[in-house]
Amino acid sequence: MLIDQTSKAAALAGLSERERIPLLGDLLGLQLAFNPGAILSFGSGATWLLTLLGTVATVLLLAAATRARTSWWAVGIGLILGGAIGNLIDRIFSPPGFARGQVTDFLAYGNLFIGNLADVALGAGVVVLTRILWARRPRASTPPTSQEAIPGLSTEEAT
């Protein structure tokens, strides 16, 4: 959250909305943008609602963080919580007004979208939690062969 807010302050001080600074050719660059909506500007006409949803999500994530049973769950929830708080701070305190603020973005991913470090943290947290859930999913079981049917039996006894 602190890194996110510091990076946004640096972007505000040194970047332009009109000019893109290439970092990896056309794939990644730096360009200032202000997003009143969520991902891909979804909900840009209801910034106050996004602020409310962000506040509720933050409270729920705080509760989930206190119940994390493994360090990886804590890492995943912590990344999502940090990203949510980073963007919520913008929504509450940035222009045009309280709880209607626009999120400061500066990481330009080609011509797809422009995001920020809070978005990176959100995405990384989702990846961590998805990986945990994927690893815990039940595996399809295959019926044992006759030799595996009863542990300890020899091949002759199993047939």
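It should be noted that the structure appears before, not after, this text.
(A) Region of the structure containing the packing of aromatic side chains. The tally for this structure, following the rule as stated, stands at one aromatic pair. Aromatic pair tyrosine 109 and phenylalanine 113: ring centres 4.8 Å apart, planes at 35°, arrangement tilted. Residue classification places tyrosine 109 among the partly exposed positions, given a relative accessible area of 25%. Look at phenylalanine 113 and you get partly exposed, because its relative accessible area is 34%. Directly above the ring of tryptophan 134 sits arginine 137, whose terminal nitrogen or CZ lies 4.0 Å from the centroid.

(B) The arrangement of the pairing of strand E3 (residues 103-109) in detail. E3 sits mainly inside the fold: six of its seven residues count as buried. Sheet topology places strand E2 (residues 28-35) next to E3; six bridges connect them, and they run antiparallel. Bridged to leucine 28 within E3 is tyrosine 109. The pairing of E3 with strand E4 (residues 113-115) spans three bridges and is antiparallel. Paired with alanine 108 across the bridge in E4 is isoleucine 114. In sequence, E3 turns back onto E4 through a hairpin of three residues, with glycine 110 there showing a positive phi of about 55°.

Rules used in this analysis
Residues numbered from 1 in each chain as written. Predicted model: local features only at pLDDT ≥ 70, side-chain atom pairs only at ≥ 80, totals over all residues. Heavy atoms only, no water. Phe/Tyr/Trp six-rings, centres within 6.5 Å; stacked < 30°, edge-to-face > 60°. Buried < 20%, exposed > 50% of the residue type's maximum accessible area, 1.4 Å probe, protein only. Lys NZ or Arg CZ within 6 Å of the ring centre and 35° of its normal. Helix = DSSP H or I, 4+ residues; strand = E, 2+ residues; numbered from the N terminus. Pairing = 2+ DSSP bridges.

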